[in-house]
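A structural walkthrough
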Amino acid sequence: MFGYIIRRILFALPIAIGVSIVCFSLVYLAPGDPLQTVLPPDATAETIAIVKHEYGFDRPVPVQYAIWLWHVVQGDFGRSIASRRPVTLEVFGSLANTAMLALFAVPVAFATGFAMGAIAGCYPGRILDRIVTGAAVIGVSLPNYWLGLVLVIVFAVEYMVLPASGMGKSGSAAFSLWRWSDAQFLVLPVVTLTMIPIGIIARTTRAAVAEVRSQEFVTTLRAMGLGEGAVIRHVLKNASPQVLAVMGLQFGYLMGGSILVETVFTWPGSGFLLNKAIINRDIPVLQGTILALSLVFVATNLVVDLLQATLDPRIRRA
Amino acid sequence: MSRLTVFTTRCALLGAMALSIVPFQSSRAAGVLTVAMTAGDLPVDTGNPDQGFEGFRFVGWNLYDALINWDLSSKDKPSDIKPGLASEWHIDPANSKRWIFTLRQGVKWHDGCDFTADDVMWNFARISDQKAPQFLTQQFALSRAYLTNYDGIEKIDDHTVAIKTKFVESLFPYDMAYVLMVSRCRAEALKLDWDAYAKAPSGTGPYRFASMTPHERMEFTPNKEYWDKARVPKQDRLIILPMPEAATRTAALLSGQVNFIEAPAPDAVPVLKKGGMQIVTNTYPHNWPYILNFTRGPFTNLKVRQAANYAINRDDVVDLVGGFAIPEYAEVPPTLPYYGHPVVYKFDKDKARALLKEAGCLPCKVTLAISTSGSGQMQSLPMNELVKQQLEDAGFVVNLDVMDWNALLDVSRSGVPKYPNVDGMNASRGLLDPVSAIIKPVASAYWSPAGSNWGHFKTPEADALVTQIFEEFDATKRMALLTKLHEYESEQALMIFVVHDLNPRALSPKVKGFIQSQNWFQDLTPISVDP
């Protein structure tokens, strides 16, 4: 198992480097300029040249990438062009805020989605299956920014029981989960954020359970006289590696933050930060955020792989 | 009833009680003005801000002063410059390239130090002298556009400085109304650590910095010792929040989370009015035109430019934005003193078609660069679609080259040398001062990328008028020349004129005393907030 873990970690390194190269290239291929945010509309060519030199943007792109990578290896992600704050602070601060959403969204989405899928998979074609499948389709199909706005209209504007946006009365710096006046800011974004993962996990679980139920060993279990509860336990265990893979992806999605949901709720997470960095072409922040998010995905996949291998030893041998 | 059902019912009841006991009321404390900006981030607070003029509006002019400030006290007349940290200025009678500024005495920085001529010298070195220890690249970038004609500063005595210019420019004082002064005392105490300074900025402005959560909120308290006693803030506290999504701003206002929002979407205005909110608007020096390419393509022909202007049904565009705009028939709004009597390009589709035929350009293919959104771009996509339809009805064939705001800024700054195939560009413009409004777009000295004459317009008449304006120090005579230039630009159909924005804002009914001046900048100090 230890060798398997080391192998998986080594596989992750080239993925992280590849992601950073693709991201760096895409930023330069896209029209626009990272210095537009710090330059006024009337900036002259001379001004632009001086500022480019000061920020190092007059060097060839591969050289800029190499310099950036060298600094990253030493733990220095650079400074934001727009805010001048260290990228490490920007990225980890926003990731922590997104993790706050994920902390609640993950158990809600996973438990609800898995339960819905398991029920639907155990009773295929029945009314319960149709209701659950219909709800899952709605969950997947609802644009989450639209749902977010509807929830805001109902709960923040009409009934005024929950806040519309932000992260606490004094911002994320003073946010406390243990104060309802702060914690209530979580409710609407978490509900909005869970809808798509619930739908996806429910549909995947249903398909996996239905597939396993049709396998011969299930018939054998029944023929051996096992009760329906015991059979379902075996079915769910055999369906779990497939569901786990999807849950891993959804965990990455929730940890990555949703640009749309975080923008609608002005939640200062990684999605919101990424959105600003894209608009401003703030390359150091963009690079730092994408690298951090890709590492989250890589780490999540690693954990999922290990869990799958634990649940199904055949995967480890493969 | 099962134990599970009892437990669930109890949880639901407790939740409902919690929700009803603790209604959300964050900005309802007395005297707190909470503003939702359109900006996606907090503006920098180390001097001249970023985030366009919104940065100046909510951070720059609140923390700091310039040598010359803007008079934002009236909603009925266009705002102009007024004494700031300089109580008086005049041109040196012996040298038309040397301005003498008398500094205001008795002014103190928020940190308690006295404001002196040395502070002014130090500030100019900070944004112009790359060898000075206090030089800050970001501030250099954000200030440089206003220092195009700056050629050095000298101290005459503790309360007088002289600023030299590269060429004679009677309108130079307007440039000084964009250069904000920061505290040398605070910066040196922090050993010129600008990151530390950003957490404790010190100016001479009407508000003191209180606190900041990066990217989320900035808080200010009134500067009770402000030198302009008429502008000591009437609120207990000012909070600004970046909230780029229009629907979010609307919801935040309706739910009481904020009490002042910038630029509500026009279709949200009926809902806001129904919710008892105040909608305030005013004309201000803004236009939403298409800036044209004079180096190649159809718009080099005056008849094509006139045709495009006659093709625009401006009333329809005004309707599209819910009435929050006025038709634009010339560069500046009619309220500005140098408006004069420009050509009024009333909508006439047949005349437009006839002009295109005369020009030998029917159908007339043009490519217009537009952005999906951006500062001052109003409802960019639907407005551009409508204009495209109107132009095509008159005989144009329009290709809209759609890009995001950052990409359009690159088109705008690089100009026609880099983008020769773009025939026109839709970019809203700030027309605060005559140089930005009507001189830079026509003077050959400002050809892009060295300046903001994007399409390389050049005629001997325009250049001669600009020279006369710069060399005329008599304000009345200069105003006549400015009027003549504005009328000339209209005759030349310098741009495709569409609309002037009316800059809507929505305020809670508890917000009192706001005077929306005819300016991009606004004075928040007279505002009080009922409990």
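Numbers given to residues run from 1 along each chain, matching the order in which its sequence is written. Chains and ligands are labelled by the order in which they are written, letters from A for the one and numbers from 1 for the other. Side-chain atom pairs in this predicted model are given and counted only at pLDDT of 80 or more, local residue features only at pLDDT of at least 70, and totals for whole chains, interfaces and linings cover all residues. Each side-chain value is worked out from all heavy atoms of the structure, with water and hydrogens disregarded.

Detection works on a 1 Å grid of protein atoms alone, calling trapped sets that fit a 1.4 Å probe cavities and calling open sets with protein on both sides within 12 Å along at least five of seven lines pockets, with lining residues defined by an atom within 4 Å of a point. Grid points are joined across faces, edges and corners, and a volume is the space filled by probe spheres set on the points. Reported here for the second largest pocket is a volume of approximately 670 Å³. Surrounding the second largest pocket, 24 residues form its lining, Tyr55(A), Gly56(A), Gly78(A), Arg79(A) and Pro284(A) being those nearest its centre. Counting only elements with at least two residues in the lining of the second largest pocket, the list comes to helix H1 (2–29), helix H2 (45–55), helix H3 (61–73) and helix H12 (283–311) of chain A together with helix H4 (137–143) of chain B. At 4 residues, the largest contribution of residues to the lining of the second largest pocket is made by H3(A). Under the convention adopted here, Pro, Cys and the residues Ala, Val, Leu, Ile, Met, Phe, Trp and Tyr are nonpolar, Asp, Glu, Lys and Arg are charged, and Gly plus all remaining residues are polar. Taken together, the residues that form the lining of the second largest pocket break down as 12 nonpolar, 7 polar and 5 charged. Put simply, DSSP marks the helices as runs of H or I at least four residues long and the strands as runs of E at least two long, and each gets a number from the N terminus on.

The next point concerns the pairing of strand S4 (residues 86–92) of chain B. In short, DSSP must find at least two bridges between two strands for them to pair. Relative to strand S5 (residues 95–103) of chain B, S4(B) runs antiparallel, the two being bridged by 6 bridges. Across the sheet, Asp92(B) pairs through a bridge with Asn95(B), a residue of S5(B).

Residue and element names in this part refer to chain A. The angle between two axes is taken between their N-to-C directions and runs from 0 to 180 degrees, where each axis is a line fitted to C-alpha atoms and a helix contributes only its stretch in contact. At a closest axis distance of 10 Å, the pairing of helix H4 (residues 87–122) and helix H9 (residues 228–256) adopts a crossing angle of 150 degrees. Viewed along their axes, H4 and H9 adopt a mutual orientation that is roughly antiparallel. Relative to H9, H4 is oriented so that their crossing is right-handed. Residues Leu95, Thr98, Ala99, Ala102, Ala105, Val106, Phe110, Phe114, Ala118 and Cys122 of H4 lie in contact with H9, whose contacting residues are Ile232, Leu236, Val243, Met247, Gln250, Phe251, Leu254, Met255 and Gly256. Looking at the contact of H4 with H9 residue by residue, the classes come out as 16 nonpolar, 3 polar and no charged. Convention used here: angles under 35 degrees read as roughly parallel, angles over 145 as roughly antiparallel, angles from 65 to 115 as roughly perpendicular, and any remaining angle as oblique. In this scheme, a crossing is called left-handed if the near helix is turned counterclockwise away from the far one by less than a right angle; it is called right-handed if the turn is clockwise. Note on contacts: a residue pair is in contact if any heavy atoms of the two residues lie within 4.5 Å.

To continue, consider the interface of chain B and chain A. Each partner contributes residues to the interface: chain B has 50 residues there, and chain A has 58 residues. Counted as salt bridges are all cases of a side-chain nitrogen of Lys or Arg within 4 Å of a carboxyl oxygen of Asp or Glu. Here Arg84(A) and Asp195(B) are joined by a salt bridge, their closest N and O atoms 3.1 Å apart. Classifying every residue of the side of chain B that touches chain A gives 24 nonpolar, 14 polar and 12 charged.

Exposed residues in this analysis have more than 50% of their type's maximum accessible area, buried residues have under 20%, and partly exposed residues fall in between, with area computed by a 1.4 Å probe over protein chains only. With 9 of 11 residues buried, helix H11 (residues 270–280) of chain A lies mostly within the body of the structure. Turning to H11(A), its buried residues number three or more, namely Ser270(A), Gly271(A), Phe272(A), Leu273(A), Leu274(A), Asn275(A), Lys276(A), Ala277(A) and Asn280(A). Tucked inside the fold, the buried residues of H11(A) contact H4, H9, helix H10 (259–264) and H12 of chain A together with helix H14 (405–414) of chain B. Just past H11(A), the residue Arg281(A) takes up positive phi, approximately 50 degrees.

A separate point is the domain arrangement of chain B. Residue and element names in this part refer to chain B. Segment limits for the domains were obtained from an automatic or database-derived domain assignment. Under the domain assignment used here, chain B contains domain 1 (3–44 + 205–282 + 504–529), domain 2 (68–188) and domain 3 (286–501). Across the boundary between the two partners, domain 1 contributes 10 residues, which contact 11 residues of domain 3. By buried area we mean how much accessible surface two parts lose on assembly, using a 1.4 Å probe and totalling the loss over both. Summing both partners gives a buried area of about 790 Å² for domain 1 against domain 3, and 76% of it is carried by carbon and sulfur. The three residues of domain 1 that bury the most area against domain 3 are Pro266, Pro504 and Trp520, which together make up 64% of that side's buried surface. Where domain 1 meets domain 3, there are 0 salt bridges.

Residue and element names in this part refer to chain B. In this analysis, rings of Phe, Tyr and Trp, with Trp reduced to its six-membered ring, are considered paired at centre separations within 6.5 Å, and the interplanar angle assigns stacked below 30 degrees, edge-to-face beyond 60, and tilted for intermediate values. Per the counting criterion, the structure on display carries 31 aromatic pairs over all chains. Their ring planes at 70 degrees and their centres at 6.0 Å tell us that Phe53 and Phe56 sit as a pair that is edge-to-face. Here the residue Phe53 and the residue Phe56 both occupy positions in helix H2 (residues 52–63), the gap between them amounting to 3 residues, near one helical turn. In this pair, the class of Phe53 matches that of Phe56, namely buried. Ring centres of Tyr207 and Phe220 lie 6.2 Å apart, and the angle between their planes is 65 degrees; on these two criteria the pair is classed as edge-to-face. Pair noted here: Tyr207 is in strand S8 (residues 207–213) and Phe220 is in strand S9 (residues 217–222), with a separation of 13 residues, a long-range link. Comparing Tyr207 with Phe220, the two get one shared label, buried. To sit over a ring, a charge needs its Lys NZ or Arg CZ within 6 Å of the ring centre and within 35 degrees of the ring normal. If you follow Arg126 out to its NZ or CZ, it ends over the ring of Trp194, 4.9 Å from the centre.

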